[in-house]
Amino acid sequence: MGGRGTYAAGNNVAYTYEKVGEIEGVKILQGLGKKHDLPVEAHSSSAYIQLYPDGNFRMIRFFDKQHYMTAEIAYHPESDLDSSRKPILHIHEYNRDDFDNRKPRLLTQSEYDKYKKYFGGVTRWKPET
């Protein structure tokens, strides 16, 4: 799981993450060495989950059939969405041709309902909660 587009372009590189579990069939990955984030492309999965060291949900990333990241739901403070500076579930949507344009937004009710099975008890997805 190397640089963006490496695997998708057919260039296999050494793995820098290991699977440490699963939630609802989605692999939980942990970085090896100095890797602390999730990969930005997938080898074979349609999603990956990362947990904080205490075991709580940190993020889930979703990938298309060509291995490119399409969306990320994360749980951390996002001052553009909630001035309290408390962690809040939010989503970043990615475009293949404009990877840097990923302004966060709050989850909709239907998105929260669809993905809450991955959040492990994290329920704060609205600023007023």
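Right above here is the structure, for reference.
Conventions and cut-offs
- Residues numbered from 1 in each chain as written.
- Predicted model: local features only at pLDDT ≥ 70, side-chain atom pairs only at ≥ 80, totals over all residues.
- Heavy atoms only, no water.
- Phe/Tyr/Trp six-rings, centres within 6.5 Å; stacked < 30°, edge-to-face > 60°.
- Helix = DSSP H or I, 4+ residues; strand = E, 2+ residues; numbered from the N terminus.
- Buried < 20%, exposed > 50% of the residue type's maximum accessible area, 1.4 Å probe, protein only.

Asker: Now, about the packing of aromatic side chains: what can you tell me, with residues and values included?
Answerer: As enumerated under the stated definition, the model contains 5 aromatic pairs in all. Plain terms: the ring middles of Tyr-48 and Phe-63 are 5.4 Å apart, the flat faces sit at 65° to each other, and that makes the pair edge-to-face. Residue Tyr-48 is located in strand E3 (residues 47-51), and its partner Phe-63 is located in strand E4 (residues 57-63); the two are separated by 15 residues in the primary sequence. Relative accessible area serves as the criterion here: at 2%, Tyr-48 is assigned to the buried category. Accessibility expressed as a relative area gives 7% for Phe-63, which makes it buried.

Asker: How would you sum up unusual backbone geometry? Please name residues and give values.
Answerer: At Glu-24, a position not held by glycine, the phi torsion is positive, near 50°. Inspection of the secondary structure assignment puts Glu-24 in the loop between strand E1 (17-23) and strand E2 (26-31). Of note in this structure, Arg-85 is not a glycine but carries a positive phi near 70°. Relative to the helices and strands, Arg-85 resides in the loop between strand E5 (69-77) and strand E6 (87-93). Owing to a relative accessible area of 53%, Arg-85 belongs among the exposed residues under this scheme.

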